[in-house]
Amino acid sequence: MANVAVVGSQWGDEGKGKIVDWLSSRADVVVRFQGGHNAGHTLVINGVVYKLSLLPSGVVRPGKLSVIGNGVVVDPWALLREIEAIKAQGVEITPDSLIVAENCPLILPLHSTVDKAREEARGANRIGTTGRGIGPAYEDKVARRAIRLCDLADEALLGEKVDQLLFHHNALLRGLGAAELDKAELMAQLHEVAPKILPYAAVVWERLDEARRQGKRILFEGAQGAMLDVDHGTYPFVTSSNTVAGNAAAGSGMGPGAVGHVLGITKAYTTRVGSGPFPTELLDETGDLIGQRGREFGTVTGRKRRCGWFDAVLVRQAIKTGGITGIALTKLDVLDGFQELKVCTGYRYKGEIIHHLPAAQTAQAEVEPVYESFEGWSESTQGARSWAELPATAIKYIRRIEELIEAPVTLLSTSPERDDTILVKDPFED
Ligand code: GDP
Ligand code: IMO
Ligand code: MG
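Residues numbered from 1 in each chain as written. Chains lettered and ligands numbered in written order. Predicted model: local features only at pLDDT ≥ 70, side-chain atom pairs only at ≥ 80, totals over all residues. Heavy atoms only, no water.

A. Region of interest: the packing of aromatic side chains. In the structure shown here, the tally under the stated rule is four aromatic pairs. Centroid distance Trp-11 to Phe-278: 5.2 Å. Interplanar angle 50°. Geometry classified as tilted. With Trp-11 in the loop between β1 (4-8) and α1 (16-23) and Phe-278 in the loop between β10 (270-272) and α9 (285-293), the pair connects residues that are 267 residues apart, well separated along the chain. Residues Trp-11 and Phe-278 agree in their burial class; the two are buried. Residues Trp-309 and Phe-338 carry aromatic rings whose centres are separated by 6.2 Å and whose planes lie at 75° to one another, so their mutual orientation is edge-to-face. Highlighted residues: Trp-309 in the loop between β11 (306-308) and β12 (310-311) and Phe-338 in the loop between β13 (326-330) and β14 (340-349), separated in sequence by 29 residues. By relative accessible area, Trp-309 is classed as buried at 6%. In this structure an aromatic cluster arises from ring pairing among Phe-374, Trp-377 and Tyr-397. (Phe/Tyr/Trp six-rings, centres within 6.5 Å; stacked < 30°, edge-to-face > 60°. Helix = DSSP H or I, 4+ residues; strand = E, 2+ residues; numbered from the N terminus. Buried < 20%, exposed > 50% of the residue type's maximum accessible area, 1.4 Å probe, protein only.)

B. Region of interest: the coordination of the magnesium ion (ligand 3). Within the first shell, the magnesium ion (ligand 3) binds the protein through Asp-13 (OD) and Gly-40 (O), at distances of 2.0 to 2.2 Å. Within this pair, whereas Asp-13 is found in the loop between β1 and α1, its partner Gly-40 is found in the loop between β2 (29-32) and β3 (41-45), the two being separated by 27 residues in sequence. (Donors = N, O, S within 2.8 Å, 3.2 Å for Na, K, Ca; no water.)

C. Focus on the environment of Leu-283. Summarising the element assignment, Leu-283 is placed in the loop between β10 and α9. Note: C-alpha distance between Leu-283 and Cys-307 (24 residues apart in sequence) is 8.0 Å.

D. Summary view of the pattern of salt bridges. All chains considered together, the criterion is met by 25 salt bridges. Between Glu-139 and Arg-118 there is a salt bridge whose closest N-O contact spans 2.9 Å. One end of the pair, Glu-139, is in helix α4 (residues 134-142); the other, Arg-118, is in helix α3 (residues 109-122), and 21 residues separate them in sequence. Taking the relative accessible area as the measure of exposure, Glu-139 reaches 38% and is therefore partly exposed. Here Glu-402 and Arg-399 are joined by a salt bridge, their closest N and O atoms 2.8 Å apart. Separated by three residues within a single helix, Glu-402 and Arg-399 lie in helix α12 (residues 392-405), roughly one turn from each other. Salt bridges here are not isolated pairs; linked through shared partners, they connect Asp-13, Lys-267, Glu-296, Arg-305 and Lys-331. (Salt bridge = Lys/Arg side-chain N within 4 Å of Asp/Glu carboxyl O.)

E. The nonpolar core, seen in detail. Phe-220, Leu-332 and Tyr-397 are the most contacted members of the largest nonpolar core, which has 93 residues in total. Setting aside its immediate chain neighbours within four residues, Leu-332 contacts Ala-268, Trp-377, Thr-381, Leu-390, Ala-394, Tyr-397, Ile-398, Leu-412 and Ser-413. Trp-11, Ile-354, Ala-363 and Val-367 belong to the second-largest nonpolar core, a separate cluster that totals 15 residues. (Core = buried A, V, L, I, M, F, W, Y, C linked by side-chain atoms within 4.5 Å. Contact = heavy atoms within 4.5 Å.)

F. Broad picture of the site of ligand 1. Surveying the vicinity of ligand 1 reveals 18 residues, the closest of which are Lys-16, Gly-17, Gly-40, Asp-333 and Ser-413. Protein chains bury 92% of the 580 Å² of accessible surface belonging to ligand 1 in isolation. Judged by the fraction of its atoms near the pocket grid, ligand 1 is located in the second largest pocket. Going through the elements one at a time, α1 and β3 are the ones with two or more residues in the shell around ligand 1. Among the elements that make up the shell around ligand 1, the one with the highest residue count is α1 (three residues). Taken together, the residues of the shell around ligand 1 break down into two nonpolar, nine polar and seven charged. Residues from two domains meet in the shell around ligand 1; each of domain 1 (4-103 + 203-261) and domain 3 (267-429) gives at least three. (Near = heavy atom within 4 Å. Areas by Shrake-Rupley, 256 points an atom, 1.4 Å probe, with all protein chains shown as cover. 1 Å grid on protein atoms, 1.4 Å probe; cavity = no way out; pocket = protein on both sides within 12 Å on 5 of 7 lines; lining within 4 Å. Sits in = over half its atoms within 2 Å of the grid points. Nonpolar A, V, L, I, M, F, W, Y, C, P; charged D, E, K, R; others polar. Domains from an automatic or database assignment.)

Set out below in C-alpha coordinates:
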(Lines give C-alpha, C1' and ligand atoms only; values in the text may rest on other atoms or scores of the structure.)
(Ligands and ions follow the chains in the order given, each with its own letter.)
Protein backbone atom coordinates (compact mmCIF):
# COMPACT_ATOMS: atom_id res chain seq x y z
CA MET A 1 0.00 0.00 0.00
CA ALA A 2 1.42 3.33 -1.04
CA ASN A 3 0.87 6.88 0.07
CA VAL A 4 -0.04 9.31 -2.68
CA ALA A 5 1.27 12.77 -3.50
CA VAL A 6 -0.99 14.98 -5.59
CA VAL A 7 0.86 17.71 -7.48
CA GLY A 8 0.09 20.10 -10.31
CA SER A 9 1.79 19.35 -13.62
CA GLN A 10 1.17 22.69 -15.34
CA TRP A 11 0.89 26.25 -13.95
CA GLY A 12 -1.50 25.49 -11.10
CA ASP A 13 -5.31 25.38 -10.94
CA GLU A 14 -5.39 21.95 -12.56
CA GLY A 15 -8.09 20.75 -10.15
CA LYS A 16 -5.87 19.45 -7.34
CA GLY A 17 -8.45 20.36 -4.67
CA LYS A 18 -11.22 18.38 -6.34
CA ILE A 19 -9.03 15.31 -6.76
CA VAL A 20 -7.57 15.48 -3.23
CA ASP A 21 -11.08 15.76 -1.81
CA TRP A 22 -12.20 12.76 -3.87
CA LEU A 23 -9.14 10.67 -2.99
CA SER A 24 -9.32 11.60 0.69
CA SER A 25 -12.19 9.13 1.17
CA ARG A 26 -9.46 6.49 0.78
CA ALA A 27 -6.93 8.27 3.03
CA ASP A 28 -6.61 8.94 6.78
CA VAL A 29 -4.35 11.99 6.74
CA VAL A 30 -4.07 14.86 4.22
CA VAL A 31 -0.90 16.96 4.34
CA ARG A 32 -0.01 20.28 2.73
CA PHE A 33 3.77 20.53 2.35
CA GLN A 34 4.57 23.79 0.52
CA GLY A 35 3.15 27.10 -0.63
CA GLY A 36 0.74 29.12 1.42
CA HIS A 37 -2.50 30.99 0.92
CA ASN A 38 -1.48 31.80 -2.65
CA ALA A 39 -3.17 28.47 -3.40
CA GLY A 40 -6.87 28.38 -4.18
CA HIS A 41 -8.42 24.92 -4.19
CA THR A 42 -12.12 24.57 -5.00
CA LEU A 43 -14.29 21.64 -3.98
CA VAL A 44 -17.89 21.17 -5.10
CA ILE A 45 -19.89 18.67 -3.08
CA ASN A 46 -23.56 18.26 -3.97
CA GLY A 47 -23.61 21.76 -5.36
CA VAL A 48 -21.98 23.33 -2.28
CA VAL A 49 -18.72 25.15 -3.07
CA TYR A 50 -15.80 25.19 -0.62
CA LYS A 51 -12.83 27.44 -1.34
CA LEU A 52 -9.65 26.48 0.44
CA SER A 53 -6.28 28.23 0.49
CA LEU A 54 -4.31 26.85 3.40
CA LEU A 55 -6.53 24.10 4.71
CA PRO A 56 -5.85 20.69 3.18
CA SER A 57 -8.64 19.55 0.87
CA GLY A 58 -9.48 16.56 3.07
CA VAL A 59 -10.83 18.93 5.71
CA VAL A 60 -14.50 18.62 4.76
CA ARG A 61 -14.55 14.86 5.38
CA PRO A 62 -15.17 14.02 9.03
CA GLY A 63 -12.62 11.78 10.73
CA LYS A 64 -9.63 12.77 8.60
CA LEU A 65 -6.57 14.44 10.07
CA SER A 66 -5.58 17.64 8.24
CA VAL A 67 -1.94 18.62 8.48
CA ILE A 68 -0.11 21.80 7.53
CA GLY A 69 3.52 20.77 7.22
CA ASN A 70 6.69 22.72 7.96
CA GLY A 71 7.23 23.51 4.28
CA VAL A 72 4.16 25.74 4.20
CA VAL A 73 4.42 29.46 4.93
CA VAL A 74 1.52 30.23 7.25
CA ASP A 75 -0.26 33.55 7.58
CA PRO A 76 -1.94 32.99 10.95
CA TRP A 77 -4.60 35.65 10.33
CA ALA A 78 -5.47 34.16 6.95
CA LEU A 79 -5.60 30.67 8.43
CA LEU A 80 -7.92 31.75 11.24
CA ARG A 81 -10.20 33.56 8.77
CA GLU A 82 -10.33 30.47 6.58
CA ILE A 83 -11.11 28.21 9.54
CA GLU A 84 -14.01 30.52 10.47
CA ALA A 85 -15.33 30.62 6.90
CA ILE A 86 -15.25 26.84 6.52
CA LYS A 87 -16.77 26.35 9.97
CA ALA A 88 -19.59 28.68 8.92
CA GLN A 89 -20.27 26.19 6.12
CA GLY A 90 -20.88 23.52 8.73
CA VAL A 91 -17.47 21.82 8.72
CA GLU A 92 -16.03 21.05 12.13
CA ILE A 93 -12.40 22.13 12.60
CA THR A 94 -10.64 21.68 15.93
CA PRO A 95 -7.05 21.13 17.06
CA ASP A 96 -7.95 17.42 16.98
CA SER A 97 -8.71 17.50 13.27
CA LEU A 98 -6.21 20.15 12.16
CA ILE A 99 -2.56 20.43 13.17
CA VAL A 100 0.07 22.90 12.03
CA ALA A 101 3.81 22.15 12.25
CA GLU A 102 5.33 24.17 15.06
CA ASN A 103 8.33 24.87 12.82
CA CYS A 104 6.26 26.58 10.09
CA PRO A 105 7.60 30.02 9.16
CA LEU A 106 4.95 32.72 9.50
CA ILE A 107 3.81 35.19 6.89
CA LEU A 108 3.54 38.58 8.62
CA PRO A 109 1.70 41.67 7.40
CA LEU A 110 5.04 43.16 6.30
CA HIS A 111 5.54 40.32 3.83
CA SER A 112 2.53 41.17 1.73
CA THR A 113 3.44 44.87 1.90
CA VAL A 114 6.91 44.05 0.55
CA ASP A 115 5.46 41.66 -2.06
CA LYS A 116 3.08 44.30 -3.44
CA ALA A 117 5.62 47.13 -3.31
CA ARG A 118 8.16 45.08 -5.22
CA GLU A 119 5.64 44.07 -7.86
CA GLU A 120 4.75 47.70 -8.38
CA ALA A 121 8.41 48.64 -8.69
CA ARG A 122 8.96 45.95 -11.34
CA GLY A 123 6.34 47.56 -13.55
CA ALA A 124 6.04 45.72 -16.86
CA ASN A 125 8.41 43.02 -15.55
CA ARG A 126 6.14 42.08 -12.69
CA ILE A 127 5.73 38.40 -11.89
CA GLY A 128 2.03 38.77 -11.24
CA THR A 129 2.25 37.34 -7.72
CA THR A 130 -0.83 36.86 -5.61
CA GLY A 131 0.45 39.66 -3.34
CA ARG A 132 0.14 37.41 -0.33
CA GLY A 133 3.73 37.74 0.85
CA ILE A 134 4.76 34.24 -0.17
CA GLY A 135 8.11 35.17 -1.75
CA PRO A 136 9.26 37.55 1.01
CA ALA A 137 8.27 35.01 3.71
CA TYR A 138 10.29 32.22 2.06
CA GLU A 139 13.21 34.64 1.68
CA ASP A 140 13.15 35.32 5.42
CA LYS A 141 12.99 31.58 6.09
CA VAL A 142 16.04 30.83 3.96
CA ALA A 143 17.86 33.84 5.41
CA ARG A 144 17.26 32.35 8.89
CA ARG A 145 15.39 35.32 10.28
CA ALA A 146 11.79 34.07 10.01
CA ILE A 147 9.41 34.11 12.95
CA ARG A 148 8.13 30.56 13.27
CA LEU A 149 4.92 29.32 14.84
CA CYS A 150 6.76 27.98 17.91
CA ASP A 151 8.33 31.42 18.50
CA LEU A 152 4.90 32.78 19.44
CA ALA A 153 5.11 30.73 22.64
CA ASP A 154 8.50 32.17 23.63
CA GLU A 155 7.96 35.76 24.67
CA ALA A 156 11.61 36.60 25.44
CA LEU A 157 12.95 35.22 22.19
CA LEU A 158 10.11 36.68 20.13
CA GLY A 159 11.16 40.26 20.92
CA GLU A 160 14.74 39.50 19.93
CA LYS A 161 13.70 37.81 16.69
CA VAL A 162 11.43 40.69 15.76
CA ASP A 163 14.36 43.06 16.33
CA GLN A 164 16.51 41.05 13.91
CA LEU A 165 13.73 40.86 11.36
CA LEU A 166 13.03 44.59 11.47
CA PHE A 167 16.73 45.43 11.40
CA HIS A 168 16.81 43.83 7.96
CA HIS A 169 13.51 45.10 6.59
CA ASN A 170 13.82 48.64 7.92
CA ALA A 171 17.26 49.02 6.33
CA LEU A 172 15.67 48.24 2.97
CA LEU A 173 12.66 50.46 3.57
CA ARG A 174 14.93 53.36 4.57
CA GLY A 175 16.84 52.86 1.34
CA LEU A 176 13.60 53.09 -0.63
CA GLY A 177 12.56 56.19 1.28
CA ALA A 178 9.53 54.31 2.64
CA ALA A 179 8.07 54.36 6.14
CA GLU A 180 9.79 52.04 8.60
CA LEU A 181 8.03 49.27 10.49
CA ASP A 182 7.15 49.70 14.13
CA LYS A 183 8.20 46.97 16.56
CA ALA A 184 5.48 47.71 19.09
CA GLU A 185 2.77 47.39 16.45
CA LEU A 186 4.06 44.05 15.16
CA MET A 187 4.51 42.70 18.70
CA ALA A 188 0.92 43.68 19.53
CA GLN A 189 -0.34 41.88 16.44
CA LEU A 190 1.64 38.77 17.34
CA HIS A 191 0.42 38.83 20.96
CA GLU A 192 -3.14 39.06 19.74
CA VAL A 193 -2.92 36.15 17.32
CA ALA A 194 -0.71 33.80 19.41
CA PRO A 195 -3.37 32.36 21.74
CA LYS A 196 -5.71 31.76 18.79
CA ILE A 197 -3.25 29.92 16.56
CA LEU A 198 -1.01 28.12 19.08
CA PRO A 199 -3.63 25.47 19.98
CA TYR A 200 -3.14 24.07 16.44
CA ALA A 201 0.66 23.83 16.77
CA ALA A 202 1.99 20.28 16.87
CA VAL A 203 5.05 18.09 16.38
CA VAL A 204 3.97 17.13 12.90
CA TRP A 205 6.84 14.81 12.01
CA GLU A 206 6.03 12.69 15.05
CA ARG A 207 2.31 12.56 14.32
CA LEU A 208 3.04 11.52 10.74
CA ASP A 209 5.51 8.87 11.87
CA GLU A 210 2.85 7.52 14.23
CA ALA A 211 0.30 7.46 11.41
CA ARG A 212 2.75 5.65 9.15
CA ARG A 213 3.54 3.02 11.78
CA GLN A 214 -0.19 2.43 12.29
CA GLY A 215 -0.52 1.71 8.57
CA LYS A 216 -2.59 4.81 7.92
CA ARG A 217 -2.79 6.18 4.42
CA ILE A 218 -1.27 9.59 3.88
CA LEU A 219 -2.23 11.88 1.03
CA PHE A 220 0.12 14.77 0.29
CA GLU A 221 -1.51 17.80 -1.33
CA GLY A 222 0.69 20.01 -3.46
CA ALA A 223 -0.10 23.60 -4.32
CA GLN A 224 0.73 25.43 -7.59
CA GLY A 225 2.28 23.28 -10.33
CA ALA A 226 5.54 22.02 -11.82
CA MET A 227 5.96 25.01 -14.11
CA LEU A 228 5.74 27.31 -11.07
CA ASP A 229 8.44 25.32 -9.23
CA VAL A 230 11.30 27.59 -8.17
CA ASP A 231 13.86 25.23 -9.78
CA HIS A 232 12.02 23.51 -12.59
CA GLY A 233 9.51 26.15 -13.59
CA THR A 234 9.57 29.18 -15.86
CA TYR A 235 11.96 31.10 -13.60
CA PRO A 236 11.71 33.91 -12.55
CA PHE A 237 7.96 33.71 -13.28
CA VAL A 238 7.45 31.09 -10.59
CA THR A 239 6.44 30.82 -6.98
CA SER A 240 9.05 30.66 -4.21
CA SER A 241 8.89 26.98 -3.28
CA ASN A 242 9.53 23.57 -4.79
CA THR A 243 6.14 22.39 -5.94
CA VAL A 244 7.32 18.95 -7.09
CA ALA A 245 6.52 15.82 -5.08
CA GLY A 246 10.15 15.55 -3.93
CA ASN A 247 9.31 18.34 -1.53
CA ALA A 248 6.46 16.37 0.08
CA ALA A 249 8.98 14.55 2.27
CA ALA A 250 11.08 17.56 3.32
CA GLY A 251 8.03 19.80 3.67
CA SER A 252 6.27 17.46 6.07
CA GLY A 253 9.12 15.84 8.00
CA MET A 254 8.99 12.38 6.47
CA GLY A 255 11.63 10.49 4.52
CA PRO A 256 11.57 10.21 0.73
CA GLY A 257 10.24 6.65 1.05
CA ALA A 258 6.98 8.03 2.44
CA VAL A 259 5.83 9.21 -0.95
CA GLY A 260 4.55 6.40 -3.14
CA HIS A 261 2.47 7.14 -6.18
CA VAL A 262 2.88 10.66 -7.56
CA LEU A 263 -0.34 11.76 -9.20
CA GLY A 264 0.10 14.72 -11.52
CA ILE A 265 -3.10 16.70 -11.86
CA THR A 266 -3.34 17.79 -15.46
CA LYS A 267 -5.90 19.96 -17.21
CA ALA A 268 -7.02 18.76 -20.64
CA TYR A 269 -5.83 22.17 -21.94
CA THR A 270 -3.48 24.76 -20.40
CA THR A 271 -3.99 27.84 -18.22
CA ARG A 272 -1.74 30.27 -16.42
CA VAL A 273 -2.38 33.22 -14.05
CA GLY A 274 0.20 35.97 -13.83
CA SER A 275 3.03 36.84 -16.19
CA GLY A 276 5.60 34.66 -17.90
CA PRO A 277 6.07 32.50 -20.98
CA PHE A 278 3.17 30.38 -22.22
CA PRO A 279 3.97 28.83 -25.61
CA THR A 280 0.47 27.51 -26.42
CA GLU A 281 -1.42 30.58 -25.22
CA LEU A 282 -4.41 31.51 -27.41
CA LEU A 283 -4.97 35.24 -27.61
CA ASP A 284 -8.02 34.77 -29.79
CA GLU A 285 -11.68 33.74 -29.61
CA THR A 286 -10.76 30.12 -29.04
CA GLY A 287 -8.78 31.10 -25.93
CA ASP A 288 -11.72 33.20 -24.73
CA LEU A 289 -14.12 30.33 -25.34
CA ILE A 290 -11.99 27.89 -23.34
CA GLY A 291 -11.80 30.48 -20.53
CA GLN A 292 -15.59 30.98 -20.50
CA ARG A 293 -16.44 27.31 -20.68
CA GLY A 294 -13.82 26.39 -18.08
CA ARG A 295 -14.73 29.37 -15.85
CA GLU A 296 -11.09 30.26 -15.76
CA PHE A 297 -10.99 32.97 -13.13
CA GLY A 298 -8.55 32.75 -10.21
CA THR A 299 -9.95 31.52 -6.89
CA VAL A 300 -7.54 33.69 -4.91
CA THR A 301 -7.30 36.94 -6.84
CA GLY A 302 -10.26 36.69 -9.24
CA ARG A 303 -7.89 37.36 -12.14
CA LYS A 304 -8.73 36.02 -15.58
CA ARG A 305 -6.58 32.98 -16.34
CA ARG A 306 -4.72 32.90 -19.65
CA CYS A 307 -5.83 29.89 -21.73
CA GLY A 308 -4.31 27.74 -24.47
CA TRP A 309 -4.06 24.28 -26.01
CA PHE A 310 -2.67 21.28 -24.20
CA ASP A 311 1.12 21.38 -24.13
CA ALA A 312 2.42 17.81 -24.07
CA VAL A 313 6.04 19.00 -24.05
CA LEU A 314 5.55 20.83 -20.75
CA VAL A 315 3.56 18.07 -19.11
CA ARG A 316 6.10 15.44 -20.19
CA GLN A 317 8.84 17.61 -18.68
CA ALA A 318 6.82 17.95 -15.44
CA ILE A 319 6.42 14.17 -15.34
CA LYS A 320 10.14 13.58 -15.75
CA THR A 321 11.38 16.31 -13.39
CA GLY A 322 8.77 15.57 -10.75
CA GLY A 323 8.64 11.78 -10.83
CA ILE A 324 4.94 11.71 -11.70
CA THR A 325 3.76 8.11 -12.08
CA GLY A 326 0.27 8.75 -13.41
CA ILE A 327 -2.00 11.68 -14.16
CA ALA A 328 -5.52 12.74 -13.31
CA LEU A 329 -6.82 14.42 -16.44
CA THR A 330 -9.30 17.12 -15.48
CA LYS A 331 -11.78 19.41 -17.25
CA LEU A 332 -12.11 17.18 -20.29
CA ASP A 333 -15.74 18.36 -20.46
CA VAL A 334 -14.58 21.91 -21.18
CA LEU A 335 -13.41 20.68 -24.60
CA ASP A 336 -16.88 19.35 -25.54
CA GLY A 337 -18.17 20.89 -28.75
CA PHE A 338 -14.87 22.04 -30.25
CA GLN A 339 -14.64 20.94 -33.88
CA GLU A 340 -10.88 20.75 -33.78
CA LEU A 341 -8.47 20.38 -30.87
CA LYS A 342 -4.74 20.92 -30.91
CA VAL A 343 -1.94 19.48 -28.81
CA CYS A 344 1.60 20.82 -28.75
CA THR A 345 4.08 18.03 -29.47
CA GLY A 346 7.32 20.02 -29.80
CA TYR A 347 8.73 23.50 -30.12
CA ARG A 348 10.30 25.22 -33.07
CA TYR A 349 13.36 27.08 -31.82
CA LYS A 350 16.10 28.65 -33.94
CA GLY A 351 15.10 26.54 -36.94
CA GLU A 352 15.06 23.24 -35.08
CA ILE A 353 12.39 21.13 -33.41
CA ILE A 354 13.04 20.53 -29.71
CA HIS A 355 11.12 18.48 -27.16
CA HIS A 356 11.80 20.32 -23.95
CA LEU A 357 11.34 23.85 -22.63
CA PRO A 358 14.80 25.42 -22.42
CA ALA A 359 15.77 27.00 -19.10
CA ALA A 360 16.86 30.35 -20.52
CA GLN A 361 14.28 33.10 -20.15
CA THR A 362 14.70 34.44 -23.69
CA ALA A 363 14.46 30.97 -25.23
CA GLN A 364 11.30 30.26 -23.21
CA ALA A 365 9.74 33.39 -24.65
CA GLU A 366 10.81 32.52 -28.21
CA VAL A 367 9.83 28.87 -28.64
CA GLU A 368 6.92 28.31 -31.00
CA PRO A 369 4.56 25.39 -30.57
CA VAL A 370 4.31 22.63 -33.16
CA TYR A 371 0.78 21.24 -33.13
CA GLU A 372 -0.93 17.99 -33.87
CA SER A 373 -4.64 18.39 -34.71
CA PHE A 374 -7.48 16.24 -33.47
CA GLU A 375 -11.08 15.86 -34.42
CA GLY A 376 -13.25 17.11 -31.55
CA TRP A 377 -16.50 15.64 -30.26
CA SER A 378 -19.99 17.10 -30.23
CA GLU A 379 -21.34 14.82 -27.47
CA SER A 380 -21.28 15.95 -23.85
CA THR A 381 -18.76 14.34 -21.53
CA GLN A 382 -19.85 16.53 -18.65
CA GLY A 383 -20.57 14.46 -15.58
CA ALA A 384 -19.49 11.21 -17.22
CA ARG A 385 -18.77 8.60 -14.57
CA SER A 386 -17.56 5.73 -16.68
CA TRP A 387 -15.15 5.27 -19.53
CA ALA A 388 -18.00 3.76 -21.60
CA GLU A 389 -19.79 7.13 -21.60
CA LEU A 390 -16.94 8.84 -23.46
CA PRO A 391 -17.10 9.41 -27.23
CA ALA A 392 -14.48 7.56 -29.28
CA THR A 393 -12.84 10.81 -30.35
CA ALA A 394 -12.39 11.86 -26.70
CA ILE A 395 -10.77 8.51 -25.94
CA LYS A 396 -8.46 8.98 -28.91
CA TYR A 397 -7.45 12.40 -27.55
CA ILE A 398 -6.71 10.90 -24.11
CA ARG A 399 -4.75 7.95 -25.54
CA ARG A 400 -2.55 10.23 -27.65
CA ILE A 401 -1.87 12.45 -24.64
CA GLU A 402 -0.77 9.40 -22.64
CA GLU A 403 1.62 8.47 -25.44
CA LEU A 404 3.07 11.96 -25.74
CA ILE A 405 3.58 12.57 -22.03
CA GLU A 406 4.80 9.02 -21.37
CA ALA A 407 2.49 8.43 -18.41
CA PRO A 408 -0.92 6.80 -17.95
CA VAL A 409 -4.20 8.50 -17.09
CA THR A 410 -5.17 7.00 -13.74
CA LEU A 411 -8.11 9.31 -13.02
CA LEU A 412 -10.40 11.36 -15.18
CA SER A 413 -12.53 14.29 -14.05
CA THR A 414 -15.57 15.42 -15.99
CA SER A 415 -17.10 18.23 -13.87
CA PRO A 416 -16.38 20.22 -10.70
CA GLU A 417 -18.60 17.85 -8.65
CA ARG A 418 -16.79 15.46 -6.34
CA ASP A 419 -18.25 12.27 -7.77
CA ASP A 420 -17.99 13.13 -11.46
CA THR A 421 -14.69 11.30 -11.43
CA ILE A 422 -13.64 8.15 -13.25
CA LEU A 423 -11.16 5.86 -11.55
CA VAL A 424 -8.96 4.03 -14.01
CA LYS A 425 -6.42 2.69 -11.55
CA ASP A 426 -6.38 3.24 -7.77
CA PRO A 427 -3.20 5.23 -6.98
CA PHE A 428 -3.16 3.87 -3.40
CA GLU A 429 -2.86 0.33 -4.74
CA ASP A 430 0.52 0.85 -6.38
P1 GDP B 1 -6.47 23.71 -7.95
O2 GDP B 1 -5.80 24.98 -7.59
O3 GDP B 1 -5.57 22.79 -8.72
O4 GDP B 1 -7.13 23.00 -6.79
O5 GDP B 1 -7.64 24.09 -8.96
P6 GDP B 1 -8.71 25.28 -8.75
O7 GDP B 1 -9.72 24.80 -7.77
O8 GDP B 1 -8.04 26.55 -8.51
O9 GDP B 1 -9.30 25.38 -10.22
C10 GDP B 1 -9.95 24.31 -10.83
C11 GDP B 1 -11.39 24.73 -11.15
O12 GDP B 1 -11.96 23.80 -12.03
C13 GDP B 1 -12.29 24.73 -9.92
O14 GDP B 1 -13.24 25.73 -10.07
C15 GDP B 1 -12.94 23.35 -9.95
O16 GDP B 1 -14.21 23.34 -9.34
C17 GDP B 1 -13.06 23.14 -11.43
N18 GDP B 1 -12.94 21.74 -11.86
C19 GDP B 1 -12.19 20.74 -11.35
N20 GDP B 1 -12.30 19.62 -12.11
C21 GDP B 1 -13.14 19.92 -13.11
C22 GDP B 1 -13.63 19.19 -14.25
O23 GDP B 1 -13.30 18.04 -14.49
N24 GDP B 1 -14.49 19.86 -15.09
C25 GDP B 1 -14.85 21.14 -14.88
N26 GDP B 1 -15.68 21.72 -15.75
N27 GDP B 1 -14.41 21.86 -13.83
C28 GDP B 1 -13.56 21.26 -12.97
P1 IMO C 1 -3.00 26.61 -6.87
O2 IMO C 1 -2.53 25.78 -5.69
C3 IMO C 1 -2.00 29.29 -10.13
C4 IMO C 1 1.28 32.12 -9.45
C5 IMO C 1 0.95 33.58 -9.35
C6 IMO C 1 2.23 34.17 -9.94
C7 IMO C 1 3.30 33.25 -9.39
C8 IMO C 1 3.99 33.75 -8.13
O9 IMO C 1 -4.36 27.15 -6.71
O10 IMO C 1 -2.79 25.86 -8.13
P11 IMO C 1 3.24 33.96 -5.60
O12 IMO C 1 2.11 34.71 -4.97
O13 IMO C 1 3.21 32.49 -5.34
O14 IMO C 1 4.59 34.55 -5.28
O15 IMO C 1 3.03 34.17 -7.18
O16 IMO C 1 2.65 32.03 -9.11
N17 IMO C 1 0.52 31.25 -8.51
C18 IMO C 1 -0.46 30.42 -8.89
N19 IMO C 1 -1.04 30.23 -10.09
N20 IMO C 1 -2.37 28.54 -9.08
C21 IMO C 1 -1.78 28.70 -7.87
O22 IMO C 1 -2.03 27.89 -6.83
C23 IMO C 1 -0.80 29.70 -7.73
N24 IMO C 1 -0.05 30.14 -6.70
C25 IMO C 1 0.77 31.08 -7.20
O26 IMO C 1 -0.18 33.91 -10.14
O27 IMO C 1 2.23 34.04 -11.33
MG1 MG D 1 -6.14 27.04 -7.69
